[in-house]
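Analysis of the macromolecular model
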Amino acid sequence: MLFRSNLGTVLRAYQAIRASHPDVKLVLVGDGPERAALQAQCMDAVFAGMQTGTALAEHFASGDIFLFPSTTETFGNVTVEAMASGLPIVAYDYAAAAEFIRNGENGLLAARDNTHAFVRLAVRLAIDRPRACALGLSARATALSLDWESVHAEFENALRDVIAGSRAERDSDRLTA
């Protein structure tokens, strides 16, 4: 069964991790129309339901790694929230994950839609606690550096690059006309 947010990939990663660490627990936070199907496929997972505020922060803080397999989220605030909580992340090299995660420095990125690579990275991270801790510390440092001033400056620079590229394209068109 395919899940909208690619949660089937999380289940595959969880099963692979459990093969070597049978005591590991999968905690799923959130709710939606796929919950019943997920619970049927993974009866030993903890389904925490929708969480907000302090309860959500406590769930992040209690985790060891964060698996974010989405290939449809365009920004995914949860990426930055997990990083701020000091969690090492395994994600696809796409959208917010690609924007904020430096592969091997503050998280791990799999090629988009490469489920095998995602699962392999999740297993590797789950069994290498020192590396997971180091990535989590670096992830937190990255999140702490994301203040509004730097976000605005980066956005402004991106707009300048677009304008400069547009001007260069128009100038090139004039020269060839």
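Predicted, not measured: the structure shown is a model, and the values here were computed from it.

1. Quick word on the sheet that holds strand 3 (residues 66-68)
- Taken in spatial order, the three strands line up as 3-4-5 in an open sheet, and their pairing is parallel. Single-partner strands in this sheet number two, and they are strand 3 and strand 5 (108-110). For this sheet the average axis-to-axis angle between neighbouring strands, irrespective of direction, equals 15°.
- Pairing between strand 3 and strand 4 (residues 89-92): three bridges, direction parallel. Bridging from a neighbouring strand, Phe66 pairs with Ile89 of strand 4.
- In the packing of helix 6 (residues 115-127) onto the sheet, the strands contacted are strand 3, strand 4 and strand 5, and the crossing angle to strand 4 comes to about 175°.

2. Notes on the side chain of Asn106
- Tracing the sequence through the fold places Asn106 in the loop between helix 5 (95-100) and strand 5.
- A polar atom in the side chain of Asn106 sits 3.1 Å from the backbone oxygen of Phe100.
- Within polar-contact distance, the side chain of Asn106 engages the side chain of Thr142 at 2.9 Å.
- What Asn106 contacts, discounting residues up to four positions off in sequence, is Met83, Phe100, Ile101, Leu135, Ser138, Ala139 and Thr142.

What counts and how
- Position labels on residues start from 1 in each chain and follow its written sequence.
- Local features in this predicted model are restricted to residues of pLDDT 70 or higher, and side-chain atom pairs are both shown and tallied only at a pLDDT of 80 or more, whereas totals for entire chains, interfaces and linings draw on every residue.
- By convention in this description, side-chain values take in all heavy atoms of the structure and omit both hydrogens and water.
- Each pair of strands is called paired provided DSSP finds at least two bridges between the two strands.
- Strands here mean DSSP runs of E at least two residues long; helices mean DSSP runs of H or I at least four residues long; both are numbered from the N terminus.
- In this description, a line fitted to the C-alpha atoms serves as the axis of each element, helices being fitted only across the stretch in contact, and the angle between N-to-C directions of two axes falls anywhere from 0 to 180 degrees.
- The criterion used for residue contact is that any of the two residues' heavy atoms lie within 4.5 Å.
- Between N or O atoms, a polar contact is any pair within 3.5 Å; within protein, one atom must be a potential hydrogen donor and the other a potential acceptor, and residues adjacent in sequence are included only when both atoms are from side chains.

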